[in-house]
Amino acid sequence: PDGYDYCMYCGAKAENQAIAKKKRIFKVVIPIIVLIAVIGGGLLLFFQSNTKNIGYLRNTKWEMSLSEVKNTEKGTNISKDSSTLIYLTNDNAGLEKIDTTVLYSFNNGKLNKGTIFVNTADSGKNDQTTLNHILEKYKSLYGKETKTETSYKWTTKKSQIEVDYIMKGSIMITYNEIDSN
């Protein structure tokens, strides 16, 4: 307190009380801040990965009603009947700027299936390039696929997703609800 670095009675190094108090506060506050940041980052990562990997089609959710899907979908509705919805879109994951047709199917008035039809002939890209782009995007969203002779499949918590190369110029992506029973 008198400005000396050592105690004049015992020779021990003297600490400035104000600096010592700040050091004690930092020793407590910094670990708490780091702990909060680590927990917050972990929770953010957990929730982002869980929502990303659910496998819903175009911001819809299984069990939505026809009117709820209509309110969610931003494409052009070309449906003629009341049991299915058909939209023209060009903003699907992995298919940005490629015109597609999206079909929503309902069971007992609740959404249970969705299909994206891709006509690559209209896209200006060849079939293999488009298919590879879709597969890369879906691998980044849903992980490693299960490959069969004719398709690529992913199973998420809520959906079974299948990508099929149907014939020259046509790729079909199907989303099916996994039965929650």
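Our structure's up above, just so we're on the same page.
Quick look at the structure, then.

Cut-off values and rules
- Residues numbered from 1 in each chain as written.
- Predicted model: local features only at pLDDT ≥ 70, side-chain atom pairs only at ≥ 80, totals over all residues.
- Heavy atoms only, no water.
- Helix = DSSP H or I, 4+ residues; strand = E, 2+ residues; numbered from the N terminus.
- Buried < 20%, exposed > 50% of the residue type's maximum accessible area, 1.4 Å probe, protein only.
- Contact = heavy atoms within 4.5 Å.
- Areas by Shrake-Rupley, 256 points an atom, 1.4 Å probe, with all protein chains shown as cover.
- Pairing = 2+ DSSP bridges.
- Axes fitted to C-alpha atoms, helices over the stretch in contact; angles between N-to-C directions.
- Polar contact = N/O pair within 3.5 Å; in protein donor to acceptor, adjacent residues only side chain to side chain.
- Salt bridge = Lys/Arg side-chain N within 4 Å of Asp/Glu carboxyl O.
- Core = buried A, V, L, I, M, F, W, Y, C linked by side-chain atoms within 4.5 Å.

Here the focus is the overall build of the chain. The helix and strand inventory of the chain stands at 3 helices and 8 strands. Ordered by position from the N terminus, the helices and strands of the chain form the series α-α-β-β-β-β-α-β-β-β-β. Expressed as a percentage of the 181 residues in the chain, the buried residues total 30%. Long-range pairs, those at least 24 residues apart, make up 44% of the contacts in the chain between residues at least 6 apart in sequence. Of the roughly 12300 Å² of accessible surface on the chain, 56% is carried by carbon and sulfur atoms.

Next up on the list: the sheet that holds strand β8 (residues 170-177). Pairing in this open sheet of 8 strands is antiparallel, and the strands run β1-β2-β3-β4-β8-β7-β6-β5 from one edge to the other. Each having just a single partner strand, β1 (76-77) and β5 (146-147) make up the two edges of the open sheet. This element, helix α3 (residues 127-142), spans β4 (110-119), β6 (151-155), β7 (159-167) and β8 of the sheet and lies at about 170° to β7.

The subject of this paragraph is the side chain of S151. Position of S151 relative to the elements: it lies in strand β6. A relative accessible area of 1% places S151 in the buried class. A distance of 2.9 Å separates polar atoms of two side chains, one belonging to S151 and the other to T148. For S151, the side chain forms a polar contact with the side chain of E162, separated by 3.1 Å. Once residues lying within four places of it in the same chain are set aside, the contact partners of S151 are T146, E162, V163 and D164.

Oppositely charged side chains can form a pair if their charged atoms are brought close together. Overall, the coordinates contain 2 salt bridges when judged by the stated rule. For E73, the salt bridge goes to R58, with nearest N and O atoms at 2.6 Å. Placement of the pair is E73 in the loop between α2 (66-72) and β1 and R58 in the loop between α1 (17-52) and α2, with a sequence separation of 15 residues. Relative accessible area serves as the criterion here: at 7%, E73 is assigned to the buried category. A residue is classified by how much of its surface remains accessible, and R58, at 15% relative accessible area, is buried. In this structure, K139 and E145 form a salt bridge, with 3.8 Å as the shortest nitrogen-oxygen distance. Given the relative accessible area of 12%, E145 is considered buried.

This next bit is on the nonpolar core. Within the largest apolar cluster, 27 residues are counted, with the highest numbers of intra-cluster contacts made by Y104, I116, Y138, W154, V163, I173 and Y175. Secondary-structure elements contributing two or more residues to this core are β2 (84-89), β3 (100-107), β4, α3, β6, β7 and β8. Here the element with the most residues in this core is α3; it accounts for 6 residues. Not counting chain neighbours up to four residues away, the residues in contact with Y175 comprise G55, Y56, L57, W62, N112, K113, G114, I116, Y138, Y142, Q160 and I161.

Turning to the side chain of T174, a few remarks are in order. Checked against the element boundaries, T174 lands in strand β8. Overall, the relative accessible area of 8% leaves T174 in the buried class. Here T174 is in contact with K113, G114, T115, Q160, I161 and E162, once residues within four sequence places are set aside.

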